[in-house]
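# Structure at a glance
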There are 2 protein chains.
Amino acid sequence: MSTKDHQDDLHEPEFDESFRQQFEELLKWRRDVRSFRSDPVDARLVEHLICLASLAPSVGHSQPWRFVIVESDKCRESVRANFEDCNREALKLYSGEKAHLYASLKLAGLRDAPVQLAVFLSEKTHHGSGLGRITMPETLEYSAVLAVHSLWLAARTHGLGLGWVSILDPVKVNRGLNVCPSWKLIAYLCIGYPKEDNSSPELLRRGWETTLPVGQVLVKR
Amino acid sequence: MSTKDHQDDLHEPEFDESFRQQFEELLKWRRDVRSFRSDPVDARLVEHLICLASLAPSVGHSQPWRFVIVESDKCRESVRANFEDCNREALKLYSGEKAHLYASLKLAGLRDAPVQLAVFLSEKTHHGSGLGRITMPETLEYSAVLAVHSLWLAARTHGLGLGWVSILDPVKVNRGLNVCPSWKLIAYLCIGYPKEDNSSPELLRRGWETTLPVGQVLVKR
């Protein structure tokens with residue numbers, strides 16, 4: 001047994017009921033945030049969150065996530081224009097009451113979020129040597145998604161809100177940010193201090209969708 | 001403003017430094033577990049974890065995750081045989097030292113995990129009415145992945161380990177568990193009290209892969 005393992009054994013954490021309750025609060029109060037205050041976010045905190053995200057599980061320890069901090073006006077403007085085009089097209093797919101509701105929803109915080117972070121998958125990574133992803137190659141992609149979720153929860157513990165923008169043409173995002181065309185966009189994230197906090201999703205509060213009872217998503221075999 | 005919103009405002013949680021440190025410990029000590037003790041897991045706890053997983057973000061509040069608790073010997077045996085077939089095939093893709101190392105790794109806890117849970121995506125769900133997934137339809141799948149990660153972290157707060165088995169033919173899993181062929185397998189999870197705890201991935205400790213420094217996964221634009 002190596003020294004490293006000994007250290008592991010010594011520091012093994014015990015999570016108590018109080019931590020569990022707060023952790024459940026974190027899961028309940030994590031929201032997709034679209035309205036941000038203009039207060040800046042410390043750049044060291046953003047990098048710290050990326051380090052925490054990198055602790056996410058990944059198939060074969062492949063760590064296929066790649067983070068792009070989007071700072072320049074030119075890059076941000078390309079993403080904003082991309083979103084506006086896609087959102088206009090999306091609206092056309094709804095009619096009547098649903099179209100009215102869709103048009104009234106604020107679906108991205110691209111104008112006000114002080115931090116914008118694009119998360120990509122490096123699909124061609126040799127890291128992990130293919131372990132665990134021969135029959136289910138999509139697990140590589142899922143690994144990058146797990147990193148986004150870790151980052152999301154960690155951001156909330158610091159009082160930061162995060163909004164995942166998916167109404168984007170992913171190929172145009174690569175072009176606009178000038179990143180390797182073989183990288184696959186997983187998520188475009190808006191991050192900042194939220195204008196308000198809520199324990200229920202905005203789409204639920206606004207009447208877009210209802211919450212499914214557990215009985216409808218759980219079966220036994 | 002509804003009563004619900006008022007309640008939200010009243011209970012808005014503040015996470016302090018002590019909670020943040022423990023949360024970081026949780027991210028560090030969450031492992032993919034393949035060796036379980038035989039102690040049973042309270043069925044109510046399993047259902048509670050599924051409820052917590054269902055708090056995960058989902059595109060358009062679509063909640064496309066479906067959970068199948070796998071209890072019967074017949075179903076479990078079908079998954080075990082599926083894994084063994086796929087693992088035998090996977091081994092053939094490696095040679096030399098890597099093949100030797102692969103063969104020595106324990107890649108699933110399917111024989112000893114007291115709880116087994118399959119997570120599927122209901123791709124045809126109408127929930128969410130398509131919002132947010134026209135240009136990036138894969139976000140529906142990602143939503144189910146986020147639920148798995150919430151469940152994983154929540155399980156660890158209760159001292160439970162979780163192992164994600166991806167060395168499976170997903171179509172055969174649907175057949176073996178007799179679930180709707182249109183459901184897509186996202187993850188097959190082994191859950192139980194772990195035989196040991198570690199703060200570093202087993203694949204790192206066993207020399208399968210190294211950890212990437214943040215400088216290699218982060219760029220600015």
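Quick summary incoming for the structure in this document. Because the structure is predicted, anything quoted here is derived from the model rather than measured. (Residues numbered from 1 in each chain as written. Chains lettered and ligands numbered in written order. Predicted model: local features only at pLDDT ≥ 70, side-chain atom pairs only at ≥ 80, totals over all residues.)

What follows deals with the overall build of chain A. Looking only at helices and strands, chain A has 8 helices and 5 strands in total. Secondary structure elements in chain A, listed N-terminal to C-terminal, are α-α-α-β-α-α-β-α-β-α-β-α-β. Structurally, chain A occupies a C-alpha span of about 65 × 45 × 40 Å along its principal axes. By the burial criterion, 44% of the 221 residues in chain A qualify as buried. In chain A, the share of contacts with a sequence separation of at least 24, taken over all contacts with a separation of at least 6, comes to 86%. (Helix = DSSP H or I, 4+ residues; strand = E, 2+ residues; numbered from the N terminus. Buried ≥ 20, exposed ≤ 12 C-beta atoms within 10 Å, placed from the backbone. Contact = placed C-beta atoms within 7 Å.)

Looking now at the relation of the copies chain A and chain B. Each copy of the sequence occupies a distinct position, and chain A is placed on chain B by a rotation of 180° and an axial shift of 0.0 Å, giving an RMSD of 0.0 Å. One copy is carried onto the other by what is essentially a two-fold rotation axis. When the interface residues of chain A are mapped onto chain B, 99% of them again fall at the interface, so both copies present the same face. (Least-squares fit on C-alpha atoms with pLDDT ≥ 70 in both.)

Let us now look at the sheet that holds strand 2 (residues 115-122) of chain B. The strands making up a sheet are joined through hydrogen bonds of the backbone, oriented either antiparallel or parallel. Strand order in this open sheet of 5 strands is 5(A)-1(B)-2(B)-4(B)-3(B), and the pairing throughout is mixed. Each edge of the open sheet is held by one strand with a lone partner, namely strand 5 (218-220) of chain A together with strand 3 (161-165) of chain B. With direction set aside, neighbouring strand axes in the sheet form an average angle of 25°. In this sheet, strand 4 (residues 183-192) of chain B lies alongside strand 3 of chain B in antiparallel orientation, the contact comprising 5 bridges. (Pairing = 2+ DSSP bridges. Axes fitted to C-alpha atoms, helices over the stretch in contact; angles between N-to-C directions.)

To continue, consider the packing of helix 3 (residues 43-53) of chain A against helix 6 (residues 139-157) of chain A. Residue and element names in this part refer to chain A. Relative orientation of the contacting elements helix 3 and helix 6 amounts to 135°, with a least axis distance of 8 Å. With respect to helix 6, the axis of helix 3 lies oblique. Regarding helix 3 and helix 6, the two cross each other, and that crossing is right-handed. Only Ala-147, Ser-150, Leu-151, Ala-154 and Ala-155 of helix 6 make contact with helix 3, whose side of the interface consists of Leu-49, Ile-50, Leu-52 and Ala-53. Across the contact of helix 3 with helix 6, the residue classes tally to 8 nonpolar, 1 polar and no charged. (Parallel < 35°, antiparallel > 145°, perpendicular 65-115°, else oblique. Left-handed = near helix turned anticlockwise from the far one by under 90°. Nonpolar A, V, L, I, M, F, W, Y, C, P; charged D, E, K, R; others polar.)

Before going further, it helps to examine helix 6 (residues 138-157) of chain B. All names here are of chain B. If you check helix 6, its first and last C-alpha atoms are 29 Å apart, about what 20 residues at 1.5 Å a residue would give, namely 28 Å. Here helix 6 lies mainly inside the structure; 18 of its 20 residues are buried. Backbone geometry just downstream of helix 6 places Gly-159 in the positive-phi region, at approximately 80°. (Expected span 1.5 Å × (residues − 1).)

Interface extent is often summarised as the accessible area lost during association of the parts. Of the residues lining the interface, 83 residues belong to chain A; the matching set on chain B comes to 82 residues. In terms of residues, the side of chain A that touches chain B owes the most to one element, helix 2 (residues 17-29) of chain A, which gives 10 residues. Grouping the amino acids of the side of chain A that touches chain B by side-chain chemistry returns 43 nonpolar, 23 polar and 17 charged. When strand 5 of chain A meets strand 1 (residues 65-69) of chain B, the two strands line up parallel, connected through 3 bridges. Its bridge partner being in strand 1 of chain B, Lys220(A) is matched across the sheet by Ile69(B).

All names here are of chain A. Counted residue by residue, strand 2 (residues 115-122) has 8 buried out of 8 residues, so it is predominantly covered. Taking every second residue as pointing to the same face, both faces of strand 2 are buried, with Val-115, Leu-117, Val-119 and Leu-121 on one and Gln-116, Ala-118, Phe-120 and Ser-122 on the other. Both strand 1 (residues 65-69) and strand 2 contribute to a ladder of 5 bridges, which runs antiparallel. Looking at the pairing, Val-68 lines up with Ala-118 of strand 2. Bridging between strand 2 and strand 4 (residues 183-192) involves 8 bridges; their strand directions are antiparallel. The residue of strand 4 that forms the bridge with Leu-121 is Lys-184.

For soluble globular proteins, the rule of thumb is that nonpolar side chains tend to be buried together. By size, the foremost hydrophobic cluster in this structure holds 118 residues, and its most contacted members are Ala118(A), Val119(A), Leu151(A), Ala118(B), Val119(B) and Leu151(B). Beyond its immediate stretch of four places on either side in the chain, Val119(A) contacts Trp65(A), Phe67(A), Ala144(A), Ala147(A), Val148(A), Ile186(A), Ala187(A) and Leu189(A). (Core = buried A, V, L, I, M, F, W, Y, C linked by C-beta atoms within 7 Å.)

Secondary-structure assignment places Ile69(B) in strand 1. With 18 C-beta atoms packed within 10 Å, Ile69(B) lands in the partly exposed category. Not counting residues within four places of it along the chain, the set of residues in contact with Ile69(B) comprises Lys220(A), Val46(B) and Leu117(B).

The subject of this paragraph is helix 2 (residues 17-29) of chain B. Helix length check: helix 2 of chain B (13 residues) gives 18 Å between terminal C-alpha atoms against 18 Å at 1.5 Å per residue, within 8%. Turning to helix 2 of chain B, the residues buried within the fold contact helix 2 and helix 6 of chain A together with helix 6 of chain B.

Glancing now at the sheet that holds strand 1 of chain A. Taken together, 5 strands build an open sheet; the order of strands is 3(A)-4(A)-2(A)-1(A)-5(B) and the sheet is mixed. One side of each edge strand has no neighbouring strand; the edge strands of this open sheet are strand 3 (161-165) of chain A together with strand 5 (218-220) of chain B. Between one strand and the next, the sheet's axes are offset by a mean angle of 25°, whatever the strand orientation. Packing of helix 7 (residues 170-177) of chain A onto the sheet brings it into contact with strand 1, strand 2 and strand 4 of chain A, and relative to strand 4 of chain A it is tilted by some 75°.

The subject of this paragraph is the packing of helix 3 (residues 43-53) of chain B against helix 6 of chain B. All names here are of chain B. Between helix 3 and helix 6, whose axes approach to 8 Å, the crossing angle comes to 135°. Viewed along their axes, helix 3 and helix 6 adopt a mutual orientation that is oblique. Two packed elements cross with a definite hand, and for helix 3 against helix 6 that hand is right-handed. Residues Leu-49, Ile-50, Leu-52 and Ala-53 of helix 3 form the contact with helix 6, whose participating residues are Ala-147, Ser-150, Leu-151, Ala-154 and Ala-155. Taken together, the residues of the contact of helix 3 with helix 6 break down into 8 nonpolar, 1 polar and no charged.

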